[in-house]
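# Fold and geometry: a report
Take a look at the letters that make up each chain.
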Amino acid sequence: MAAERCAGGKPRGRRVAAASLVALAALATGCEPGTAAGAQDVPPVRATQAAAPTPSPFLTAPAPTTEDAKPSTAPPPSPSASTAAPTTARPAPEPSTAPPPRVLMRTGSESERVRELQARLRQIGHFGRNPTGYYGSVTADAVRSFQAKRRLPVTGSTDAVTWQRLLAMTRVPTAAELDPPTERPVAAPDERCLKGRVLCISKKSRTLAWMNDGKVVSAMDVRFGSEYTPTREGVFEVFWKSRDHVSTLYDTPMPYALFFSGGQAVHYSADFAANGYGGASHGCVNVRDKKKVAALFDQVKNGDKVVVSW
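Residues numbered from 1 in each chain as written. Predicted model: local features only at pLDDT ≥ 70, side-chain atom pairs only at ≥ 80, totals over all residues. Heavy atoms only, no water.

## With respect to the overall build of the protein chain
- For the protein chain, the helix and strand inventory stands at eight helices and eleven strands.
- For the protein chain, with 310 residues in total, the buried portion stands at 35%.
- Residue pairs at least 24 apart in sequence account for 55% of intrachain contacts in the protein chain once pairs closer than 6 positions are excluded.
- On the protein chain, roughly 18,200 Å² of surface is accessible, and the fraction owed to carbon and sulfur atoms is 55%. (Helix = DSSP H or I, 4+ residues; strand = E, 2+ residues; numbered from the N terminus. Buried < 20%, exposed > 50% of the residue type's maximum accessible area, 1.4 Å probe, protein only. Contact = heavy atoms within 4.5 Å. Areas by Shrake-Rupley, 256 points an atom, 1.4 Å probe, with all protein chains shown as cover.)

## Some thoughts on the nonpolar core
- Judged by nonpolar contacts, the single largest core of 26 residues is most densely connected at Leu 199, Ile 201, Leu 208, Leu 258, Val 266, Leu 296 and Val 306.
- With four residues, helix H8 (residues 290–299) is the single largest residue contributor to this core.
- If sequence neighbours within four positions are ignored, Val 266 has contacts with Ile 201, Leu 208, Tyr 256, Ala 257, Leu 258, Phe 260, Val 285 and Val 287.
- Leu 117, Phe 127, Trp 163 and Leu 166 belong to the second largest nonpolar core, which has 13 residues in total. (Core = buried A, V, L, I, M, F, W, Y, C linked by side-chain atoms within 4.5 Å.)

## Digging into the pattern of salt bridges
- Counted according to the given criterion, the structure contains 15 salt bridges.
- Arg 192 is paired through a salt bridge with Asp 190; the nearest N and O atoms lie 2.9 Å apart. (Salt bridge = Lys/Arg side-chain N within 4 Å of Asp/Glu carboxyl O.)

## Describing the layout of surface pockets
- Size it by volume and the largest pocket reaches roughly 510 Å³.
- Along the walls of the largest pocket sit 25 residues, with Ser 247, Thr 252, Met 254, His 267 and His 282 positioned nearest its centre.
- Elements supplying a minimum of two residues to the lining of the largest pocket: strand S8 (253–261), strand S9 (264–268) and helix H7 (270–275).
- Among the elements that line the lining of the largest pocket, the one with the most residues is S8, at four residues.
- Residue composition of the lining of the largest pocket, grouped by class: ten nonpolar, twelve polar and three charged. (1 Å grid on protein atoms, 1.4 Å probe; cavity = no way out; pocket = protein on both sides within 12 Å on 5 of 7 lines; lining within 4 Å. Points joined across faces, edges and corners; volume = space filled by probe spheres on them. Nonpolar A, V, L, I, M, F, W, Y, C, P; charged D, E, K, R; others polar.)

## Concerning the pairing of S9
- Taking burial as the measure, the five residues of S9 include five buried ones, the bulk of the element.
- Of the two faces of S9, the one carrying Gln 264, Val 266 and Tyr 268 and the one carrying Ala 265 and His 267 are both buried.
- Relative to S9, S8 runs antiparallel, the two being bridged by three bridges. Counterpart to Ser 261 in the pairing with S9 is Gln 264.
- In textbook terms, the turn of a hairpin is the stretch between consecutive antiparallel strands, and for S8 and S9 this stretch comprises two residues, one of which, Gly 262, has a positive phi near 60°.
- In terms of strand pairing, S9 meets strand S10 (residues 285–287) through three bridges, oriented parallel. For His 267, the partnering residue across the bridge sits in S10 and is Asn 286. (Pairing = 2+ DSSP bridges.)

Bear in mind that shape data such as this cannot, by itself, settle questions of function.
Here it is as structure tokens:
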């Protein structure tokens, strides 16, 4: 029996040898099951297994065989389209279940970590101004630039992955990098600023210098009103301090306000911190460094002089 020989029995007589030669000749023609168009690659069939055709993996059921069938000299039939299993579309990959990186800072954030972010971005050329501690549109654009160059998801928000990459590429900022005096050189003080306690404000250099008997205690960048709402020039006095002031006319926050002329005051401006000199105030003297203006607010007293000049 051919099946018995495939199981390991010894061949019996010349008739068996002749049958084996015929089977080998059939295999040499390459017409074993699985060579039809569209069939997957399958391993070659051993010569001693030629008694029964190897079923195609695309058949719905294996072809019936007879255990005591003799090897046939005819090539086995190829599977037809009617017997092939229908092709099914591969299922869509399941969405990733990994949580997105945690966002540490985004537009609207305000902290010392934001100041450090800005200082580190400035070290490698992505942030072109002094740190302010406020995460506005300029900072978001700088983060997008950094993310795009490092092939990270470009979101403008600082997630844990972006932050770790930035830390690896930069060093710890120095005190001067975190709190530089001003972005603009402080102008030579007006002569009216050389005596006593004075907020010396220069429209020419766009700086404010807090001075005590001619010595600069601190300095910061400032911006002024537009041509339609100009900041008044002259010599004034601080007459009212309001730490958490909100404008009743414009419904705009004016933190750390130091009023010196009617409704005009020196105060922190989140818009100035975010957008720089692209905008203007309604006549007030805007400061974009919240940390500096907060310290200034605590030092200045009612009655201190204010000089606004070109």
